[in-house]
Amino acid sequence: MLLSSCEDRAAEQSTSSITPASFGGDLKRAKEITEIGCGSCHTIPGTTGANGLVGPPLDQMGSRVFVAGILRNTLDNMTLWLRNPQAVVPGNVMPNMGLQEQEARDITAYLYPLR
Ligand code: HEC
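Keep in mind the model is a prediction, meaning the values are calculated, not measured.

(A) The arrangement of the packing of helix α3 (residues 27–37) against helix α6 (residues 101–111) in detail. One can describe the packing of α3 onto α6 by two numbers: an axis separation of 8 Å at closest approach and a directional angle of 100°. When the interaxial angle is binned, α3 and α6 end up roughly perpendicular. Between α3 and α6, the residues in contact are Leu27, Arg29, Ala30, Lys31, Ile33 and Thr34 and Glu103, Asp106, Ile107, Ala109 and Tyr110, respectively. Looking at the contact of α3 with α6, its residues break down into six nonpolar, one polar and four charged.

Have a look at this one:
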């Protein structure tokens, strides 16, 4: 039962087709930030040195049903998480990175299409 409801939601999710252009993200900027700020904790494809194992791998971030196991995986929710992970899951290991709204959107545009 549980498994099938997860699959249903995943199927719903895969119908959205966001492009960086339609979401307004700067992929170059996203890469610059993730190289410096995220790679020690996450594995991110296409990002130099991003092979950390502290947090989950982000290589299929767009296919996940939830962000951090709690927020439905939408563009806005991913941006929300990136701006303030400590408000979403207090005490989790990912620190608030001090990202501006636009920076969080840039990174969302980079991660969301990863399937
Ligand atoms: C100190 C380690 C650390 C740093 C630095 C860090 N994260 Fe995380 N991140 C985590 C952990 C741990 C989680 C899992 C949190 C949870 O599920 O409660 C996480 C979760 C996430 C998630 C949700 C993953 C999922 O599978 O649901 C995303 C997206 C994410 N991080 C992106 C980033 C980005 C982008 C950066 C850089 C701006 C970053 N993180 C920096 C540790 C880190």
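(B) Fine view of α3. Listing the buried residues of α3 in full gives Ala30, Ile33 and Thr34. One side of α3 holds all its buried residues, which, seen down the axis, span an arc of 95°. Across from the buried face of α3, at angles greater than 90 degrees, the exposed residues are Lys28 and Ile36. Turning to α3, the residues buried within the fold contact α6. Two or three places before Lys28, at the opening of α3, Asp26 has a side-chain oxygen 3.0 Å from that residue's backbone nitrogen.

(C) Layout of the nonpolar core. Core analysis: the biggest nonpolar cluster contains 24 residues, and Ile44, Met78, Trp81, Leu82, Ile107 and Leu111 have the highest contact counts within it. With five residues, α6 is the largest single contributor of residues to this core. Contacts of Trp81, omitting those with residues within four sequence positions, involve Val67, Ala68, Leu71, Val88, Val89, Asn92 and Met94.

(D) Fine view of the coordination of the iron atom of the ligand. The coordination sphere of the iron atom of the ligand contains the protein donors His42 (NE2) and Met94 (SD), at a distance range of 2.0 to 2.2 Å. Each of the six donor atoms around the iron atom of the ligand contributes to a set of angles spanning 86 to 178°, which defines the coordination as octahedral. On the criterion of sequence distance, the pair formed by His42 in the loop between α3 and β1 (66–67) and Met94 in the loop between α5 (85–88) and α6 is long-range, its members being 52 residues apart. For the pair shown, His42 and Met94 are each scored as buried.

(E) Here's a closer look at the site of the ligand. By nearness alone, 22 residues border the ligand, and Cys38, Cys41, His42, Ala68 and Met94 come closest of all. One of the side-chain nitrogen or oxygen atoms of His42 is found 2.8 Å away from a nitrogen atom of the ligand. Between the ligand and Arg64, the relevant distance is 2.9 Å, taken from an oxygen atom to a side-chain nitrogen or oxygen of the residue. Judged by the fraction of its atoms near the pocket grid, the ligand is located in the largest pocket. Listing elements by their share of the shell around the ligand, those giving two or more residues are β1 and α4 (75–83). For the shell around the ligand, the class distribution of residues is 17 nonpolar, four polar and one charged.

Thresholds applied
Residues numbered from 1 in each chain as written. Predicted model: local features only at pLDDT ≥ 70, side-chain atom pairs only at ≥ 80, totals over all residues. Heavy atoms only, no water. Axes fitted to C-alpha atoms, helices over the stretch in contact; angles between N-to-C directions. Helix = DSSP H or I, 4+ residues; strand = E, 2+ residues; numbered from the N terminus. Parallel < 35°, antiparallel > 145°, perpendicular 65-115°, else oblique. Contact = heavy atoms within 4.5 Å. Nonpolar A, V, L, I, M, F, W, Y, C, P; charged D, E, K, R; others polar. Buried < 20%, exposed > 50% of the residue type's maximum accessible area, 1.4 Å probe, protein only. Arc of directions from axis to C-beta. Polar contact = N/O pair within 3.5 Å; in protein donor to acceptor, adjacent residues only side chain to side chain. Core = buried A, V, L, I, M, F, W, Y, C linked by side-chain atoms within 4.5 Å. Donors = N, O, S within 2.8 Å, 3.2 Å for Na, K, Ca; no water. Tetrahedral: all angles 85-135°; square planar, octahedral: opposite > 155°, others 65-115°. Near = heavy atom within 4 Å. 1 Å grid on protein atoms, 1.4 Å probe; cavity = no way out; pocket = protein on both sides within 12 Å on 5 of 7 lines; lining within 4 Å. Sits in = over half its atoms within 2 Å of the grid points.

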